[in-house]
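The residues making up each chain are set out below.
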Amino acid sequence: MTVFYQSKTFLQHETGSHPESPQRLQAVMDEVAAKQIAGLTVENDPIIKIGQEIERVHSTDYLKSVQQFCADGGGRIETDTVVCPRSFEVAQYAAGCAVKAVDQVLLGKTKRSFCAVRPPGHHALSKQAMGFCLINNVAVAAKHAVAQQKLNRVLIVDWDVHHGNGTQDIFYEEDQVYFFSAHRHPFYPGTGMGDETGTGKGLGTIWNLPLAFGISREDYFKKFERMLLQAAEKCQPELVLISAGFDAHKEDPIGSLGLETEDFGRLTRLVAGVANQYCKGRIVSLLEGGYNPQRLAESVVCHLQELGSA
């Protein structure tokens, strides 16, 4: 069984004409409702409790500054990131949803889950908003799995078209969370080269796959599968988290690596194979990018169908 978490709360992060808009999520919710996916349980407005989980990732001063910026009316909190008065509350709720999903999977309530959340998170640094992101949802989820659920090894797979620089930075010196990112390069934010592999205790826990624009889909998948299997073998994960961005789609207005809608099902099968081999299939997937609302919605459906069957 796969649980799909959704809430109209996420629509209250209002960004005007910004590409990271409520329309993205509305399209996803509408498409999922229309498809009636087998084996999918939809949980509306999940009840969450969130506290120190976020502070394991972000400094108290940073969180207070974001909260105050939103309370003062919002605006452009950094070059690329727009917030409104409710954005901090919504971002907290997104992180809390990720924590709840981890708990439900690790307690055996469900095997897999997808959190249709916004704002996205993988660019957010511990002390800085960046790239549409305020709170690093996947990092909060991973830290919670280690600190609260006592896991020793978590693998984060990030297939967003942009490198998850925030996630990498947060775990660069740690040895319990592995990070594998396949992303377009050169491209925003300019990080994610193959020689970025971690340092100190974290040496060898970071796996980056920079891919040039124009790469063929088959080459994309060959390279992705090879490095995914290498990272998983090294990590031996007890839980797999996915930073599921869908902006590598060929029709995405911001990203694109030439992928078709069905390719996100193929990516899901590959990651599910790793989860099946190492951690009883346990996966928590979190929405990141994807800025063509209809193609995003269709790609999410492909992702959910494979989560439920792979």
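Here, the structure is the one placed above.
Okay, so let's go over this structure. Residue positions are given per chain, counting from 1 as you read along its sequence in written order. With pLDDT at 70 or above as the cut-off, local features in this predicted model cover only qualifying residues; side-chain atom pairs require 80 or more to be listed or tallied, and sums for whole chains, interfaces and linings still use all residues. Heavy atoms throughout the structure, all of them, feed into the side-chain values; hydrogens and water do not.

### Considerations on the side chain of E20
The condition that has to hold: Only DSSP runs of H or I reaching four residues or more are called helices, and only runs of E reaching two or more are called strands; each is numbered from the N terminus. In what follows, a contact means two residues having at least one pair of non-hydrogen atoms within 4.5 Å.
With respect to the helices and strands, the residue E20 is situated in the loop between β1 (2-6) and α1 (22-35). When neighbours within four sequence positions are excluded, E20 is seen to be in contact with H13, T15, R118, P119, P120, F132 and Y291.

### Describing helix α3 (residues 60-71)
Operational definition: Expected helix span is taken as 1.5 Å per residue step, with the number of steps being one fewer than the number of residues. Residue burial is assigned from relative accessible area. The probe radius is 1.4 Å, only protein chains are included, and a residue is buried under 20% of its type maximum, exposed over 50%, and partly exposed in between. Throughout, the arc means the angular range of directions from the helix axis out to the C-beta atoms.
Look at α3: 16 Å from first C-alpha to last across 12 residues, which is about the 16 Å you get at 1.5 Å a residue. Residues Y62, L63, V66 and C70 constitute the buried set of α3. Summarising the axial view, the buried residues of α3 lie within an arc of 100 degrees, below the 170-degree limit, and thus occupy one face. Projecting away from the buried face of α3 at angles above 90 degrees are the exposed residues D61, K64 and A71. Lining the buried residues of α3 we find α2 (52-55), β3 (75-78), β4 (81-83) and α4 (87-106).

### Notes on the sheet that holds strand β10 (residues 283-287)
To be explicit about the condition: Here, any two strands with at least 2 DSSP bridges between them count as paired. Geometry is summarised by axes, namely lines fitted to C-alpha atoms with helices restricted to the contacting stretch, and by angles between N-to-C directions that run from 0 to 180 degrees.
The strand order β2-β1-β5-β10-β9-β6-β7-β8 describes an open sheet built from 8 strands, whose pairing is parallel. With one partner strand each, in any of the chains shown, β2 (40-44) and β8 (206-211) form the two edges of the open sheet. Ignoring which end each strand starts from, the neighbouring axes of this sheet average 15 degrees apart. α4 rests against β1, β2, β5 (112-115), β9 (239-244) and β10 of the sheet, and its axis sits at about 175 degrees to β5. Contacting β1, β2, β5, β9 and β10, helix α9 (residues 293-309) crosses the sheet at an angle of about 165 degrees to β5.

### Looking at the pattern of salt bridges
Keep this limit in mind: For this analysis, a salt bridge means a side-chain nitrogen from Lys or Arg found within 4 Å of a carboxyl oxygen belonging to Asp or Glu.
The tally for this structure, following the rule as stated, stands at 13 salt bridges. The residue E31 makes a salt bridge to K35 at a minimum N-O spacing of 3.9 Å. Within this pair, E31 and its partner K35 are both found in helix α1, separated by 4 residues, close to a single helical turn. For E262, the salt bridge is made with R217, and the minimal N-O distance between the two is 3.9 Å. Of this pair, E262 sits in the loop between β9 and α8 (263-278) while R217 is found in helix α7 (residues 217-235), placing the two residues 45 residues apart along the sequence. For E262, a relative accessible area of 48% puts it in the partly exposed group. Residue R217 is classed as partly exposed on the basis of its relative accessible area of 33%. Salt bridges linked by common partners bring E20, R24 and R118 together as one network.

### Considering the pairing of β1
Filter applied, for reference: When the strands point away from the viewer and the connection leading from the first strand across the helix to the second strand turns clockwise, the crossover is called right-handed.
Most of β1 is tucked away, with 5 of its 5 residues classed as buried. Alternating residues of β1 divide into T2, F4 and Q6 and V3 and Y5, and every residue in both groups is buried. Note that the unit made of β1, α1 and β2 has a crossover that is right-handed. Pairing of β1 with β5 involves 4 bridges; the strand directions are parallel. Pairing of Y5 across the sheet is with C115, part of β5.

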